[in-house]
Amino acid sequence: MGLIPPSTLDAITLGEAGTSETVHVFGSGLVGTLTRPARIDTRRPAVVLFNAGLVQRSGPFRVYTQLARAIANRGFVVLRFDQSGFGDSPASSGSADDQQAMGAQAALDLILQETGTHRFVLSGICAGADAAFDLSLKLNGVAGFVLLDGLAYTSTGYTMRRMLPNLVRPTKVLARLKRMFVKQSQDTLSDEDFREFPPKEEAARQLGQLVANDARMLMLYTAGAFNYFNHARQARECFGPVVDSERIQVEHWPQCDHTFYLRRDRERLNTLFCTWLETHFPPTTQVEMTNADADTIRPPNIDD
Amino acid sequence: MVAPFFFGSPDRPLAGVLHRKSGGDSSTAPALVMVPPLLQDGIASHRCLWWLAEKLAAEGGIVLRFDAHATGDSTGESVEMSLEGLRDDTLTALAWMQAQGNVGKVRQLAFRSASIPALQGASLAVSPVDLVLWDPVMDGSVLASEWKAQHVRQLTQAGRYPFQPAIPEACDLLGFELAPEFLPALADFDAASCVLPAGSRLRIALWQADPTVEEFIQEQQHSGVDADVWMLDAPERPDWDDALKYEDQVFPRRSTMLMAGLLKEQSTWA
């Protein structure tokens, strides 16, 4: 250890691609990390990552940090931030829905201010996916979303696929029953305490509206959605023909768990996400953010 | 007030969060560095330690939490994580804090597996240190065994893979990609080999009495360390072995409040 005190750094540079990161306090004291590529194409959307359940912005097993850097290396701006009351962000007053909406708006404002990017892809795991879906029609500039174990609804097909194999594997049924009745400690909270899907018809209508808006959507379901989703075709079973649109891509990874526990699943996620972004939001004539541009940009307003 | 930032050298920057009272006065502030717990310990205890840092800051202290290299928001691929690196990053954080103006002697708080880099770093110090260990790991071989067993449970019993068994790679452990030498190095850790400099202050907070800790305390005392145990009377020790709670946030509220009080009472806090 040298004698020179470690310095405080304004930003960090990541690898040879020239990707950089800065950290910010914005909105009502929310904390976020902004990852930007060496050259920013302001017409390509920025990705916004919402907290996975109660986990801080680096994500379960650091999945968000790695995902953000992979995406930025492909030319997209990424913000991962802690919503009110999560991670490093203080809790603020107001209803949870209001806090979520205001926090998201503040996140978009930050991205616009810092990079000039005015289109956004919202994303997250589990409750983060729910936030992304819920806000996708409430915020201006949403070009799409990527839902990781997001909303879905059981169907007759789901029930049949779920029940039939278990009839010949009673140990699985017993194990599942046991997990259903495990007492939760008062000092621990899990994701299931926080999820609530909108009515199925409303969700389908929302998807239809997003398709009409030319939004692009990727919905990835893993084994973590096992309780309510168990086959790629179930998307059509529960949302209807809207999912046939080329703007919607559904993936089912039954060998992958909810929080990408294994290295290869995190890498696979990075590849899928990046490929999807590059396919739907290819490079445009580059328009780089300059300091002069920053003064004239006005942030989008949230719908009432 | 929460202030995120980066510090350290340009080739090994660390992500940190500074907690201090808004509009605090310029008198000397008690300073604390929270050494990050390893792997899932760190993720699970994140909000708990955040809350504790905020509580201490509200009482006039200044607290630094940080992500070691290859963890959290710091740079580096996860596979680069090493015990030596964790130790050195802890020393970097201490040096950063000490270099700030208006701070008193810097204290360290290490929760659970954070005790490993904290003790390793403290044993290298040439001047007295001020260290608080909370539910510390004293024997790395025990922790390594527990973690290997938990990894198997995560793969086979936690319900992650309901359709078919998962086959991990050699680098996978508990959701992280680790170098092959990481776990053996962890298993080699023995707190008994970490002797703090004479004149140091050591406090160990426990939920239940531990003969190994008692012996460790006595050895430190023989070496001229002011060492003692804080017994936490709230029976809130998390069950770290429960496979179904592995990814839950850990927040023993009463104990955390007790820790805040103890840290404030037994330091130079105003």
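In the block above lies the structure referred to throughout.
Structural notes, computed from the coordinates. Since the structure is predicted, the reported quantities are computational estimates derived from the model, not experimental observations. (Residues numbered from 1 in each chain as written. Chains lettered and ligands numbered in written order. Predicted model: local features only at pLDDT ≥ 70, side-chain atom pairs only at ≥ 80, totals over all residues. Heavy atoms only, no water.)

### Concerning the overall build of chain B
In terms of helices and strands, chain B carries 8 helices and 10 strands. Its C-alpha atoms give chain B a radius of gyration of 18 Å, within 12% of the compact-globule value 18 Å for 270 residues. Here the C-alpha coordinates of chain B stretch approximately 60 × 40 × 35 Å along the principal axes. Burial status across chain B gives 60% buried among its 270 residues. Contacts in chain B between residues at least 24 apart in sequence constitute 74% of all its contacts with a sequence separation of at least 6. A total of about 10,400 Å² of accessible surface is found on chain B, and carbon and sulfur atoms cover 51% of it. Taken together, the 20 basic and 36 acidic charged side chains of chain B have centroids lying 8 Å from each other. (Helix = DSSP H or I, 4+ residues; strand = E, 2+ residues; numbered from the N terminus. Rg over C-alpha atoms; globule rule 2.2 N^0.38 Å. Buried < 20%, exposed > 50% of the residue type's maximum accessible area, 1.4 Å probe, protein only. Contact = heavy atoms within 4.5 Å. Areas by Shrake-Rupley, 256 points an atom, 1.4 Å probe, with all protein chains shown as cover. Lys, Arg positive; Asp, Glu negative; His and termini not counted. Charge placed at Lys NZ, Arg CZ, Asp CG, Glu CD.)

### With respect to the sheet that holds strand E4 (residues 62-67) of chain B
With mixed pairing, 9 strands are arranged side by side in an open sheet as E1(A)-E1(B)-E2(B)-E4(B)-E3(B)-E5(B)-E6(B)-E9(B)-E10(B). Both edges of this open sheet fall to strand E1 (7-9) of chain A together with strand E10 (226-231) of chain B, since each of them pairs with a single strand only. Neighbour-to-neighbour, the strand axes of the sheet open up by a mean angle of 30°, direction not taken into account. Both strand E3 (residues 29-35) of chain B and E4(B) contribute to a ladder of 4 bridges, which runs parallel. Across the sheet, residue Val33(B) finds its bridge partner in E4(B), namely Leu64(B). (Pairing = 2+ DSSP bridges. Axes fitted to C-alpha atoms, helices over the stretch in contact; angles between N-to-C directions.)

### Description of the pattern of salt bridges
Residue and element names in this part refer to chain B. Counting across every chain of the model gives 30 salt bridges over all chains. With a closest N to O distance of 2.8 Å, aspartate 130 and arginine 201 form a salt bridge. Here aspartate 130, found in strand E6 (residues 130-134), pairs with arginine 201, found in strand E9 (residues 201-206); they are 71 residues apart in sequence, far enough to count as distant. For aspartate 130, a relative accessible area of 8% corresponds to the buried category. Of the charged contacts, one joins arginine 153 and aspartate 241 as a salt bridge, the two residues approaching to 4.0 Å between their closest N and O atoms. Taken together, the residues span a long stretch of sequence, with arginine 153 in helix H5 (residues 140-156) and aspartate 241 in the loop between E10 and helix H8 (253-265) at a distance of 88 residues. (Salt bridge = Lys/Arg side-chain N within 4 Å of Asp/Glu carboxyl O.)

### What about the pairing of E6(B)?
Residue and element names in this part refer to chain B. Among the 5 residues that make up E6, 5 are buried, leaving the element largely enclosed by the rest of the structure. On E6, burial covers both faces: Asp130, Val132 and Trp134 on one face and Leu131 and Leu133 on the other are all buried. Note that strand E5 (residues 103-111) and E6 share 5 bridges and pair parallel. In the sheet register, leucine 109 faces E6, and the bridge partner there is valine 132.

### Notes on the packing of helix H2 (residues 96-115) of chain A against helix H3 (residues 127-135) of chain A
Residues and elements named next belong to chain A. Their axes nearest at 11 Å, the elements H2 and H3 cross at an angle of 80°. By the angle between their directions, the pair H2 and H3 is classed as roughly perpendicular. For the pair H2 and H3, the contacting residues are Gln100, Ala101 and Ala104 in the first and Ala131, Asp134 and Leu135 in the second. (Parallel < 35°, antiparallel > 145°, perpendicular 65-115°, else oblique.)

### A word on empty space enclosed by the protein
With the rule as written, the count across this model stands at 1 cavity of 30 Å³ or more. By volume, the largest cavity amounts to about 490 Å³. Lining the largest cavity are 32 residues, with Gln56(A), Pro36(B), His46(B), Phe66(B) and Asp67(B) positioned closest to its centre. Only strand E2 (12-20), E3, helix H1 (39-44), helix H2 (46-58) and E4 of chain B provide two or more residues apiece to the lining of the largest cavity. (1 Å grid on protein atoms, 1.4 Å probe; cavity = no way out; pocket = protein on both sides within 12 Å on 5 of 7 lines; lining within 4 Å. Points joined across faces, edges and corners; volume = space filled by probe spheres on them.)

### Topic: helix H7 (residues 211-222) of chain B
Residues and elements named next belong to chain B. Helix length check: H7 (12 residues) gives 17 Å between terminal C-alpha atoms against 16 Å at 1.5 Å per residue, within 8%. Of all the positions in H7, only Val213, Phe216, Ile217 and Gln220 are classed as buried. Buried residues of H7, seen end-on, are gathered within an arc of 100° and therefore sit on one face of the element. Opposite its buried face, H7 presents the exposed residues Pro211, Glu215 and His222, each directed more than 90 degrees away. The inward-facing, buried residues of H7 abut helix H4 (115-124), E9 and E10. Just downstream of H7, glycine 224 is the residue with a positive phi angle, here 85°. (Expected span 1.5 Å × (residues − 1). Arc of directions from axis to C-beta.)

### Looking at the sheet that holds strand E5 (residues 46-50) of chain A
Residues and elements named next belong to chain A. An order of E2-E3-E4-E6-E5-E7-E8-E9-E10 is seen for the 9 strands of this open sheet, with the pairing classed as mixed. Each edge of the open sheet carries a strand with a single partner, namely strand E2 (12-14) and strand E10 (248-253). Direction aside, the axes of adjacent strands within the sheet are offset by 20° on average. Where strand E8 (residues 142-148) meets strand E9 (residues 216-222), 5 bridges bridge the pair, whose relative direction is parallel. When the bridges of E9 are listed, phenylalanine 145 appears paired with methionine 217. Set on the sheet, H3 makes contact with E5, strand E7 (120-125) and E8; between it and E7 the angle comes to about 150°.

### Notes on the interface of chain B and chain A
Each partner contributes to the interface: chain B provides 62 residues, whereas chain A provides 60 residues. A buried area of about 4,900 Å², summed over both sides, lies between chain B and chain A, and 55% of it is on carbon and sulfur atoms. Viewed at the interface, chain A and chain B are joined by 5 salt bridges. The partner of Asp257(A) in a salt bridge is Arg160(B), and the shortest N-O contact between them spans 2.7 Å. Here chain B and chain A share 34 residue pairs in polar contact (both at pLDDT 80 or more) between them. Those elements that provide at least two residues to the side of chain B that touches chain A are strand E1 (2-9), E2, H1, H2, helix H3 (83-99), H5 and strand E8 (176-177) of chain B. (Buried area = accessible area lost by both parts, 1.4 Å probe. Polar contact = N/O pair within 3.5 Å; in protein donor to acceptor, adjacent residues only side chain to side chain.)

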